[in-house]
Amino acid sequence: MLGYKSQRWEYEQELRIITENQGINSYDYRAVEAIYFGLKTPNEEIEQVMETLQGRNIKYFQMYLKPNSFQFKAKPIEDKFPTNVRYKYSISNIAHLAVDPSTLKSEYLTFAPYLQKLAEIIRREPDCYEVSYIDLSHTKSTLTNPIFFAQYKTTENDLFVHTVHYSTEKIDQEYGKITDL
């Protein structure tokens, strides 16, 4: 059954995912950026959640009522299990000739460094086993807005190659987050 929340809650910008699959479902763990604990959430439960989700760079908040009001406010709370070890972090291999700037048309040669940058981004994807191919999308690109694509395997014998597209802006943004080059 699906329903609607009152528009009074629109400011929350909450997303809910409803699937037909019962039980445990996998998702990109980076989709969870923050957790808001309710007014009466016991400290033991808060600590259990923080311990379970450590290393995922999640922000935590405790809800409280504003004095003399019925309005809720969120107060940031400190992660009780900070760690430098990142969840599901690894650096995968890049296949031989996966990054080949010689495939670029001459008018796009100035964007050649983005091929290697994108390979570095993709090889750090949690489910990436190997970067298979990085190139410019000739169907989606213009000279003022080049779009690159990356193909990667999730297992050694993966027959299905995963493809993602990135703009130069997104490549610059994600590449700037890499701290271990």
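Everything that follows concerns the structure shown earlier in this document.
The following paragraphs examine the structure supplied in this document. Source: prediction; values computed, not measured.

**Some points on the environment of D28**
Here is step 1 of the chain: Relative to the assigned elements, D28 resides in the segment before β1 (34–37).
Here is step 2 of the chain: A polar contact of 2.8 Å, which involves the side chain of D28, links it to the side chain of R30.

**Examining the pairing of β1**
Here is step 1 of the chain: Along β1, the buried face is formed by I35 and F37; none of A34 and Y36, which line the opposite face, is buried.
Here is step 2 of the chain: Sheet topology note: the β1/strand β2 (residues 59–65) ladder contains 4 bridges and is parallel. In the strand pairing of β2, I35 is matched with Y60.
Here is step 3 of the chain: Note on the crossover from β1 through helix α1 (residues 43–52) to β2: the handedness is right-handed.

**With respect to the nonpolar core**
Here is step 1 of the chain: Of all hydrophobic cores here, the largest spans 21 residues; its most connected members are L118, I122, I134, F148 and I171.
Here is step 2 of the chain: Secondary-structure elements contributing two or more residues to this core are α2 (113–122), β5 (130–136) and β6 (147–153).
Here is step 3 of the chain: Examining the composition of this core, we find that 6 residues originate from one element, α2, more than from any other.
Here is step 4 of the chain: Ignoring sequence-local partners within four residues, the contact set of F148 consists of F111, Y114, L115, L118, D135, L136, S137, V164, H165, Y166, T168 and I171.
Here is step 5 of the chain: Grouped together as the second largest cluster of nonpolar side chains are 7 residues, F37, I46, I58 and Y60 included.

Rules used throughout
- Residues numbered from 1 in each chain as written.
- Predicted model: local features only at pLDDT ≥ 70, side-chain atom pairs only at ≥ 80, totals over all residues.
- Heavy atoms only, no water.
- Helix = DSSP H or I, 4+ residues; strand = E, 2+ residues; numbered from the N terminus.
- Polar contact = N/O pair within 3.5 Å; in protein donor to acceptor, adjacent residues only side chain to side chain.
- Buried < 20%, exposed > 50% of the residue type's maximum accessible area, 1.4 Å probe, protein only.
- Pairing = 2+ DSSP bridges.
- Right-handed = clockwise from strand over helix to strand, strands pointing away.
- Core = buried A, V, L, I, M, F, W, Y, C linked by side-chain atoms within 4.5 Å.
- Contact = heavy atoms within 4.5 Å.

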